[in-house]
Amino acid sequence: MKESRKSAKDKAPERKLVAQNKKARHDYHILDTYECGLVLTGTEVKSLRQGRASLVDGFVQIDDHEAWLHNVHVPEYAQGTWTNHSARRKRKLLLHRDEIDKLESKSQETGHTIVPLVLYFKGGRAKVEIALARGKKEFDKRQTLREKQDRREADRAMSAAKRKERGRE
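Now for a description of the structure that goes with this document. (Residues numbered from 1 in each chain as written. Predicted model: local features only at pLDDT ≥ 70, side-chain atom pairs only at ≥ 80, totals over all residues. Heavy atoms only, no water.)

1. Digging into empty space enclosed by the protein
Taken as a whole and judged by the stated rule, the model has 1 cavity of 30 Å³ or more. Taken as a whole, the largest cavity holds about 40 Å³ of empty space. Every residue lining the largest cavity is listed: L38, L40, L48, L55, L69, V72, V74, R91 and L119. Residue composition of the lining of the largest cavity, by class: 8 nonpolar, no polar and 1 charged. (1 Å grid on protein atoms, 1.4 Å probe; cavity = no way out; pocket = protein on both sides within 12 Å on 5 of 7 lines; lining within 4 Å. Points joined across faces, edges and corners; volume = space filled by probe spheres on them. Nonpolar A, V, L, I, M, F, W, Y, C, P; charged D, E, K, R; others polar.)

This is the structure in structure tokens:
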């Protein structure tokens, strides 16, 4: 009998996306990213499993050598009772000490901040991908949009040429 072998990609736990901060990539230059765990209550986990969260106003702050996630909106769990959580409470991030020290030193530099990019479940555990970022100026944002639009137009032109070529054959 032949054994079916799973590749390394198949063994890796899948990511179940909960929330994404698309505006962060528009407003900031992403310098470095980190994956970290979250300390959550039971009703927060249940609310996240329903796919309800918003990272739009979120940011990370380091206090007393601990990383905290602020302003992330996780709505109250509908079936929760008096044990329900506050929607915008600060949540502790689980990172290695050397990662926290590196983020703390870099975030104190002028113009650097730490923003959440993605909130997801990986192997049954809630994870957040945070990024060390530097704010973009207005002309940087326009330049990024212009490059994106130029790339889109080039792709359209190439696909139209391919369609035209197939039509001739």
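2. Notes on the sheet that holds strand β1 (residues 15-20)
Reading across the sheet, the 7 strands line up as β1-β6-β7-β2-β5-β4-β3 and stay open at both edges, with antiparallel pairing between neighbours. A strand with exactly one partner marks an edge of an open sheet, and here the two such strands are β1 and β3 (59-63). Across this sheet, the average inter-strand angle for adjacent strands is 40 degrees, counted without regard to direction. Packed on one face of the sheet, helix α3 (residues 42-49) meets β1, β5 (91-94) and β6 (112-122) and runs near 75 degrees to β6. (Pairing = 2+ DSSP bridges. Helix = DSSP H or I, 4+ residues; strand = E, 2+ residues; numbered from the N terminus. Axes fitted to C-alpha atoms, helices over the stretch in contact; angles between N-to-C directions. Contact = heavy atoms within 4.5 Å.)

3. Digging into the pairing of β6
A large share of β6 lies buried, amounting to 9 of its 11 residues. In this structure, β1 lies alongside β6, joined through 5 bridges in antiparallel fashion. The residue bridging Q20 from the neighbouring strand is V118, located in β6. Note that β6 and strand β7 (residues 125-135) share 10 bridges and pair antiparallel. (Buried < 20%, exposed > 50% of the residue type's maximum accessible area, 1.4 Å probe, protein only.)

4. Quick look at the pairing of β7
The pairing of strand β2 (residues 28-38) with β7 spans 9 bridges and is antiparallel. Within β7, the residue paired with Y28 across the bridge is G135. In sequence, β6 turns back onto β7 through a hairpin of 2 residues, with G123 there showing a positive phi of about 65 degrees.

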